[in-house]
Every structure is written in C-alpha cells, then in structure tokens.
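For reference, the chains in residue letters:
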Amino acid sequence: MRRSRSQRAQAVVEMAIVLPVTLYLIMGFIGLMVMVQTQQEVQTALQLAAQSSFQADTRQYDAPGTTCCVQHGYGLGTGNLLTNCRYAAESFYGTMSFYNRYLTYQQVPLCTSSTLPGFGAAPGVPITKAGPPPLADFTCDLGANTDSVGAPVNVCTAHVTIHFSETPIGFTIFWNPTLTARAEAIPPPFRQAS
Amino acid sequence: MGVGTWLRPARTGPSGMGPAQLARPRKRYRAQTALEFALIAPLYFICVFTAIDAALWSIESEGSISLAEQAARLAVSANGTANSTATPATATVLNLVKSHVSQALFATRIVTWPAGLPCPPGVAGGYAGPSEVASRFGPSTIALCVTTSGGSSPIVSVEVVGYMSDFVPPMANLGWKWGGIPLDVGVVTHAVRYAS
C-alpha cells in the first residue's frame, strides 16, 4: 500500500501542529518549575532577613561609610542606618545567589517602619540618623505591627520579575512574571520582654 | 456461504485489497512507519524525561533550601545566649544541615567540603560550583560547606552545592557534564541573641 500525496501532506500538517504545542507544554512546565523555585528561594531569603533583623543590638547604627554585602556582589551603603537593616540585607543577599542574572527586583527603601511616627523602628527612634534609607531589592518594615503579646513583628517584602526571554526556554514563554514574597518574624522569646 | 461470512463480509482496503494484504503491508510502508517512529520516539522520550528531571530538580532544590534554612536557624538558636556574639561550631551546623538536607535528596551522596578550600566551592578561581564538587568527589554528590564569622556581627553561611542524582538514565551524560541535576543553594543568617 502506498500513501497518497494528500495523506502524506496531512501527516506533515499534523506534525507541524502537534510538535510546537508539545514543545510549548514542556517548556511551560519547566518555566513553572523555575517560577516555583524562585518563589521558594525569595521566600527563604526574606524569612532569614526578617529573623536576622532582630539580632542586632537595639538602637545601634552603622558607622558612616559602612557598605554591605560586597562579597555577594552588591554594594549597599548602610551608613547611619539601623544595624538591624544591614543584618537583614546580609541574610537576603547571601541567600539569593541563584538566578540573579534572570531576575530584576522592584527597588524599594531597605528599611521602613510604617506604624511608628518619624519613620522610626521604635517610638522616637529613626531608621536612619540622616537622610532616607537606601534603595534595595527588598524592604523590611521594622515593627510593622505587634503580635498578641505585644512583641514587634518585622515584615519583609520583595517583588521580583523573572526574565524568561533571557533564558534558554525564552522562545516559548513570552511573558515575564512578577512574583511577590512576604515574610514575618517576631523577636526571640527573651527579647519580647525587653 | 456460512452465516458468519454473511454477517461480517471480508474487509477490503481503499485499493480493494483483501485481508491478507491488509495484515502484511508493503515493505515500503513498514519502513516508513519505522522511520517515523525512529524520528519521533527520541523526541518524545527526551520531552518526557526533561519534564521528569525538571520536576525532580524543583522538588529536591526546594527541599534543600528549606531544610538548609531550618538547620541553620536551629544551629544558631541552639548556640544563642543572652548577649552572645559567638557562632555555633562548624561541625554542629554541618551535622544539622546534613541530617536535614538528606531528607530532600534521593540517592545522592552528601559529603563535607574539605576545610581550607574556598567555600562556596570554586570561588577563588572564579565560579565553578557543582562542577568543582563533581571533579573532586564524582557524580551524584552534594557537598556541604559552612563558614562562620564571629565578632559583633556573627554570621553563619551554609552552601549546598553539587550534582543530584537524576532517575532518568537516558538524560544522564547527555550534554550534562557530570550526568545529574545541578544544585547550588546557600543560606545566610545571623547568630541568635536573646537580649541586648
């Protein structure tokens, strides 16, 4: 039996339809994995940042000219800023080491305190001694709210865009998703009483 | 003529061939089918295996990040004192991370990165990461390295680097230098202090 020309043409057309769809599905699956992985890594980095932000001595400021995170490829000036903020940055940038060339972050003030007057980490205590906090890839709101026993809750947030167009699977994924991660932490138990 | 023959008359193909011809297609047709299969099957299996490996990579690397984080936090918490600026012993952190991360890695050997070598692996001579681990310990091996710095800003840094086992043999050693799924994650945290 010999296939007619029309049958062969039909096979080619079927293949031309099915192959891109299959490829698209597979690449989409891999892209989804990358998104989940990125979300997990940002979430972990923020969690560590929020927890580390409690580990500095209270009301301690970085000396003028202090630079953070150079060993991780960032030069973030934290001079005159609450040391808690630098601790958070060290944890975040130290943990976020993967995929960085495919990610861009929304630039936000490194440290804020939304509930307290005067941009302060505690009543009357400013985040910086002078000037606004530097812009960074994430923000930590020190004392954003309080938990049930009155302990301050630090909340860190980041918005990150994945540039699939710059990855090997970019030819099938035509959009750049933006992920949001948020982590909260309360101080260690003995600090809650102080 | 039997009843069965009357109910189910012999089928014929489009060109009027009888059942015998249908059962044994021409050699050319069979060759074409074999050729099509030979073209499509590898593509199909590569797609399937890629998807399976991607899922494995996602699950194992996610697990590794979470568990390394938990282990690092446990280690620094256990060591914390009221105004401590000390960091936990490297061996303590390594043991905790190893016991945690091993839960996420299937059929993968976990070793300790030798003290004295750059951590994360390969930093001194530029980024090498998983390849550096594989060249030293072989494939399907993950190396753990921990660095601590004391002083007024005590930091614990944990790196989990190497190649995880993949369970899809055809993907192994096909373009992947060491046959396996690369993993390179790290967590950094500060030692816990309970008062100030």
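In this text the structure is predicted, and so the values were computed from the model without any measurement.

**Looking at the overall build of chain A**
Alright, step 1. When you go through chain A residue by residue, the secondary structure sums to 3 helices and 11 strands.
Alright, step 2. What you see in chain A, going N to C, is helices and strands ordered as α-β-β-α-β-β-β-β-β-β-β-β-β-α.
Alright, step 3. Sequence-distant contacts, at least 24 apart, represent 64% of the contacts inside chain A between residues at least 6 apart.

**Notes on the sheet that holds strand β3 (residues 155-164) of chain B**
Residue and element names in this part refer to chain B.
Alright, step 1. Strand order in the open sheet formed by 4 strands is β1-β2-β3-β4, and the pairing between neighbours is mixed. The open sheet terminates on both sides in strands that have one partner only, identified here as β1 (109-112) and β4 (181-190). Taken over all neighbouring pairs, the strand axes of this sheet differ in orientation by 15 degrees on average, direction set aside.
Alright, step 2. Pairing geometry for strand β2 (residues 141-149) and β3, over 8 bridges, is antiparallel.

**A word on the confidence of the model for chain B**
All names here are of chain B.
Alright, step 1. When pLDDT is averaged along chain B, the result is 76; 68% of the residues meet or exceed 70.
Alright, step 2. Across chain B, the secondary-structure element scoring lowest on mean pLDDT is helix α1 (residues 3-7), at 47, and the one scoring highest is β1, at 90.
Alright, step 3. For the stretch residues 1-6, pLDDT sits under 50, and the model shows 1 contact to residues farther than four places along the chain or on other chains.
Alright, step 4. For this predicted complex, the interface score ipTM comes out at 0.76, alongside a pTM of 0.78.

The rules behind these values
- Residues numbered from 1 in each chain as written.
- Chains lettered and ligands numbered in written order.
- Predicted model: local features only at pLDDT ≥ 70, side-chain atom pairs only at ≥ 80, totals over all residues.
- Helix = DSSP H or I, 4+ residues; strand = E, 2+ residues; numbered from the N terminus.
- Contact = placed C-beta atoms within 7 Å.
- Pairing = 2+ DSSP bridges.
- Axes fitted to C-alpha atoms, helices over the stretch in contact; angles between N-to-C directions.
- pLDDT = per-residue confidence, 0-100.

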